[in-house]
Amino acid sequence: MAADAWFAVIATGLVLYVTLDGYDLGCGILALAQRGEARRRSLLELVAPVWDGNESWILLIAVGLWGGFPAASGALLPAVYPGVIVMIFSLIARGVSIEMISNARGWPRGWGSAFIAGSFCAAFAQGTVIGAVVQGVRLGAGGRFTGGTFGFLSGYSVLTGVVTVALYALAGAAMVKMRSDDAALRAGCARWGRGLAPAAAALVILAAALLPVAGSPALTIGQPLRVALLTWACVTAAAMFLAAWWSFGREDHDNLAFTGVAIAMAAGAAGLLVLLYPMILPPDLTIARAASPPSSLEFLLGGFGTFVPLVFAYNAYAFWVLRPRRTPPDPALASHEPPGNATR
Amino acid sequence: MPSPTVLELSRWQFAVTAAFHMSFPAITVGLSVFLCLNYALYLRTRDPVYLQIYRFWRKIFAVGFALGVVAGIVLTFEFGLNWGVYAHDVGPIIGVIIGMEVATAFFLEAGFIGILLYGEGRVSNRVTMFANVMVALGTLLSTTWILAANSWMQTPSGYVRVNGQFQPRDWVSILFNPSFPHRFFHMLFAVLIAAAWLIAGISAYYLARRRYRPFSRRSFSIAMGVLAILLPWQLFIGDNVASTMFIYEPAKLITLEGNYNSLNSGWNVLIIPDPQAGKNIFQITIPNLSSLLGPHVLSGQAKTPGISTIPKDERPNVYAVFYAFRVMFYSALVMFSTAMVGLYLRLRRKLYTSRRFLRWVTWTTPIGVIAIIGGWITAEAGRQPWVVYGQLRTGAAVSHLASGSMIFSLAGFVALYLAMLTAWVTYLVRQVMRGPDPVDTAGTPGPDPQGSDPAARDRQVSGASAPSAAVASKA
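Residues numbered from 1 in each chain as written. Chains lettered and ligands numbered in written order. Predicted model: local features only at pLDDT ≥ 70, side-chain atom pairs only at ≥ 80, totals over all residues.

## Here we look at the overall build of chain B
Phase 1 of the analysis: From N to C terminus, chain B includes 16 helices and six strands.
Phase 2 of the analysis: For chain B, whose C-alpha radius of gyration is 24 Å, the value lies close to the compact-globule estimate of 23 Å for 475 residues.
Phase 3 of the analysis: Taking the principal axes of the C-alpha coordinates as reference, chain B spans close to 75 × 50 × 45 Å.
Phase 4 of the analysis: Counting the 475 residues in chain B, one finds 54% classified as buried.
Phase 5 of the analysis: When contacts within chain B are restricted to residue pairs at least 6 apart in sequence, long-range pairs at least 24 apart make up 74% of them. (Helix = DSSP H or I, 4+ residues; strand = E, 2+ residues; numbered from the N terminus. Rg over C-alpha atoms; globule rule 2.2 N^0.38 Å. Buried ≥ 20, exposed ≤ 12 C-beta atoms within 10 Å, placed from the backbone. Contact = placed C-beta atoms within 7 Å.)

As structure tokens, then:
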């Protein structure tokens, strides 16, 4: 029971991570398609104040898996070593370049390329790892990974990598529509969003259709509750894709595109986890087999139950306070900072 | 089972990534406290100098914090990537402690850092102050959890082993394991000292050149005052750490003393050990001093036990432990003497004018960080060949990986970290050369280059100036 509850916590972390860092990485991917310093800079400024907060959710997944399901963490990570290493390198290069660009002026070439390439490779690598989990990791004696270095790479995991890149880029375009006040950028990204939405949907459908062939045989699909939940996830995702696509074609309804993409991605991630359950790493590790003893799980659940609601509260507050404004900030709030004096 | 090459490469990779990560918290924990202090002083006194200090160090804190975060994410993954067996065996204890660190400390910092860096002009002063306190609280909590986890690996307690896996029996004795209290305070003081030394070094640089006088005097005064209070305590706590170590982890203490036989009561300044033959080829010793420093026997006759008393397959690397300890210990002595000279100069009212002293402090700017890295190498290399002392050998904890992927990742980390270190040092030097922004005396408001976008304007406050940005974009 405690193990299932902790699985739900990690699942929440995964859903949050793909929706939050997804748009964040997506802005980096979209910067590839944007011409001109000003547009790229506007993209970066959407990301700069929030990237480390968004990225921090991946820690919840990594550490939650380790503390709650040490057997899964100790088996999965060595199995996808090159993928995770590429993701880490990319996230580092990207994080540093965001800070460097926002502390410089214009668009420094080298840091700019690192920002774009890092966003792209991190998204792709994450997608391949998800594909590898769905395909399953065979374990050797003592529940340890003993396979080859590139065993996790296959046609299918490359496909899931591409799906992830497309979805993140779509989320980035939707975020631009919602929060950027750069008109040229908004128009450019809306065009991309209009095209990306059907393309991403097609890729998702392809990956889902290949699942019975490519996925691990340990995954079962045909149980009534599971079928019902999966159907709901698909219907929600499809409806939200349509809503986003519609919104990208209009000048108004700025929030709808991102809401749509975010809910669609959350539904997709949730569907993936429903498909996986009660496996955590097919074909050998179930949630119950991989779990830490109850004393560990209860400590974790107690700690997270106390602190994560607070985390939500202050992250939401920071997100709201730091939203770009269409009007200058209230000088009365900045009594120590006379207007116009801040630049030098 | 795993090849020795993979084990060696994995150990080197962990050493490189952990040491690199550590050098950022080494200063950002202390800086976050310093930022709190200065913002609080500003709100109380409304003296713009405090705001100037706050804004200058916030710029350095921002980049140091971001680099520390990305380098820290690496470590979280590495436990499972390179040490899959370790991840499986200690997950129910160490994984849980790190999980609590993420939930209580890391999320707190990550949530409020945005307000701290970009919130000025958008939120009230009191909210800014609150964000500062929360970020500082986050860094301190983080230090606590990390030290609890690492101390458990040094002195494991409160667990049962089930099929090789360490499972918690009593969380209180896991968290408050025997070495935790001493090592926690040792590290807490160390990070405060390292940050204060960085601040002192840079302020001394300005003072020696008579630049930014009110700013640099105030910063230097606070930093040197903190150092004069903390350093005597730190020597005392460090001595306690060694005493606990002798009870619970004798092999580490014996190795850092650097004697093979148990006849020496002197302090080894320099040794060239021959681990195969089990003796020192060469050594320089100050007679009787180790008796005084170690067991505090004033007669000078207490002898240090030798490495020969440790079973051969349980000996740490003598070179690493002996010299890393001396790097830390001598740095501490240098810092202590300097802080005391500083105290004397302050009483003689010469603290801000003695050029020789100011130059000396400038040249020793990174000494606190160096001491911390030396201390951690002593702690970690001294625990070998165990990853959980006395229970789980490092060699048995490593993942099944190809040496090819290890070479790829280690080379990648070295290249990436060298680039990051260069960028970080360049950024630091550039910020120091540029100096603090004037706060209330700026007569001419500069043209706002990015129109009325408040986000861009805010970033300019914490960002680089136009000339240095131009250099950056050409580079």
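## Focus: the overall build of chain A
Phase 1 of the analysis: Helix and strand counts for chain A stand at 12 helices and two strands.
Phase 2 of the analysis: Secondary structure of chain A in N-to-C order comes out as α-α-α-α-α-α-α-α-α-α-β-β-α-α.
Phase 3 of the analysis: Against the compact-globule benchmark of 20 Å for 344 residues, chain A has a radius of gyration of 21 Å, which places it among compact chains.
Phase 4 of the analysis: Expressed along its principal axes, the backbone C-alpha trace of chain A runs to roughly 65 × 40 × 40 Å.
Phase 5 of the analysis: Of all 344 residues assigned to chain A, the portion counted as buried reaches 57%.
Phase 6 of the analysis: Here the analysis covers contacts within chain A between residues at least 6 apart in sequence; of these, 80% occur between residues at least 24 apart.

## Considerations on unusual backbone geometry
Phase 1 of the analysis: Look at the link from A:Tyr277 to A:Pro278: it is a cis peptide, with omega at 0 degrees.
Phase 2 of the analysis: Position of A:Pro278 among the secondary structure elements: in the loop between α10 (254-276) and β1 (279-281).
Phase 3 of the analysis: Put simply, B:Gln384 and B:Pro385 share a cis peptide bond, and its omega is 5 degrees.
Phase 4 of the analysis: Inspection of the secondary structure assignment puts B:Pro385 in the loop between α13 (367-383) and β5 (386-388).
Phase 5 of the analysis: At B:Asn163, a residue that is not glycine, the phi angle is positive and equals roughly 50 degrees.
Phase 6 of the analysis: By secondary structure assignment, the location of B:Asn163 is in the loop between β1 (159-162) and β2 (165-168).
Phase 7 of the analysis: A positive phi angle is found at B:Tyr212, which is not glycine, with a value near 45 degrees.
Phase 8 of the analysis: Note that B:Tyr212 resides in the loop between α7 (180-208) and α8 (213-248).

## A word on the pairing of β1(B)
Residues and elements named next belong to chain B.
Phase 1 of the analysis: The sheet contact formed by β1 and β2 spans four bridges and is antiparallel. Bridged to valine 162 within β2 is glutamine 165.
Phase 2 of the analysis: Linking β1 back to β2 in an antiparallel pair, the connection comprises two residues, with asparagine 163 at a positive phi of about 50 degrees. (Pairing = 2+ DSSP bridges.)

## Some points on the nonpolar core
Phase 1 of the analysis: Of all hydrophobic cores here, the largest spans 282 residues; its most connected members are A:Leu170, A:Ala174, B:Ala194, B:Ala195 and B:Leu227.
Phase 2 of the analysis: For this core, the element with the highest residue contribution is helix α4 (residues 84-118) of chain B, accounting for 23 residues.
Phase 3 of the analysis: With sequence-adjacent residues up to four places away left out, A:Ala174 is seen in contact with A:Tyr23, A:Gly193, A:Ala244, A:Ala257, A:Phe258 and A:Val261. (Core = buried A, V, L, I, M, F, W, Y, C linked by C-beta atoms within 7 Å.)

## Description of the pairing of strand β3 (residues 267-274) of chain B
Residue and element names in this part refer to chain B.
Phase 1 of the analysis: Sheet topology note: the β3/strand β4 (residues 279-286) ladder contains seven bridges and is antiparallel. Across the sheet, the residue bridging to isoleucine 272 is phenylalanine 282, located in β4.
Phase 2 of the analysis: Turn length for the β3-β4 hairpin, with the two strands adjacent in sequence and antiparallel, is four residues, and the turn residue glycine 278 shows positive phi of about 75 degrees.

## So, the environment of B:Ser124
Phase 1 of the analysis: As for its position among the elements, B:Ser124 is in the loop between α4 and α5 (125-154).
Phase 2 of the analysis: Take B:Ser124: there are 14 C-beta atoms within 10 Å of it, and that puts it in the partly exposed class.

## Here we look at the confidence of the model for chain A
Phase 1 of the analysis: Mean pLDDT over chain A works out to 87, with 94% of the residues at or above the 70 mark.
Phase 2 of the analysis: Scored below 50 in pLDDT, residues 327-344 of chain A makes 31 contacts in the model with residues more than four places away or belonging to other chains. (pLDDT = per-residue confidence, 0-100.)

## Here we look at the environment of B:Ile113
Phase 1 of the analysis: Position of B:Ile113 among the secondary structure elements: in helix α4.
Phase 2 of the analysis: Separated by 45 residues in sequence, B:Ile113 and B:Gly68 place their C-alpha atoms 13 Å apart.
Phase 3 of the analysis: In this structure, B:Ile113 is in contact with A:Asp52, B:Phe65 and B:Val135, ignoring residues within four places of it in sequence.

## Considering helix α11 (residues 318-347) of chain B
Counting along an α-helix, one turn takes 3.6 residues, and residues three or four places apart therefore face a common direction.
Residue and element names in this part refer to chain B.
Phase 1 of the analysis: In this model α11 runs 43 Å from its N-terminal to its C-terminal C-alpha over 30 residues, within 8% of the 44 Å that 1.5 Å per residue would give.
Phase 2 of the analysis: Considered for burial, the residues of α11 that qualify are Val318, Val321, Phe322, Ala324, Phe325, Met328, Ser331, Ala332, Met335, Thr338, Ala339 and Gly342.
Phase 3 of the analysis: Along its buried surface, α11 packs onto α7, α8, α9 (250-257), β3, α12 (355-363) and α13. (Expected span 1.5 Å × (residues − 1).)

## Considerations on helix α8 (residues 183-214) of chain A
All names here are of chain A.
Phase 1 of the analysis: Here α8 is 32 residues long and its end C-alpha atoms lie 43 Å apart, about the 46 Å a rise of 1.5 Å per residue gives.
Phase 2 of the analysis: The largest bend along α8 measures about 30 degrees and falls at leucine 196, with the proline proline 198 one to four residues further on.
Phase 3 of the analysis: Each element contacted by the buried residues of α8 is listed here: α1 (2-31), α2 (37-47), α7 (155-179), α9 (224-248) and α10. (Bend = angle between axes of the 7 residues up to and from the residue.)

## Things to note about the packing of α7(B) against α12(B)
Residue and element names in this part refer to chain B.
Phase 1 of the analysis: Where α7 meets α12, the closest approach of the two axes is 7 Å, and the angle between their N-to-C directions is 140 degrees. Viewed along their axes, α7 and α12 adopt a mutual orientation that is oblique. When you trace α7 past α12, the crossing you get is left-handed. Contacts from Ala200, Gly201, Ala204, Tyr205, Leu207 and Ala208 of α7 reach α12 at Arg355, Leu358, Arg359, Val361 and Thr362.
Phase 2 of the analysis: Of the residues belonging to the contact of α7 with α12, the class tally is seven nonpolar, two polar and two charged. (Axes fitted to C-alpha atoms, helices over the stretch in contact; angles between N-to-C directions. Parallel < 35°, antiparallel > 145°, perpendicular 65-115°, else oblique. Left-handed = near helix turned anticlockwise from the far one by under 90°. Nonpolar A, V, L, I, M, F, W, Y, C, P; charged D, E, K, R; others polar.)

## As for the environment of A:Phe89
Phase 1 of the analysis: Here A:Phe89 is to be found in helix α5 (residues 81-102).
Phase 2 of the analysis: Between the C-alpha atoms of A:Phe89 and A:Gly118, which are 29 residues apart in sequence, the distance is 7.8 Å.
Phase 3 of the analysis: The residues contacting A:Phe89, other than those within four sequence positions of it, are B:Gly412 and B:Leu416.

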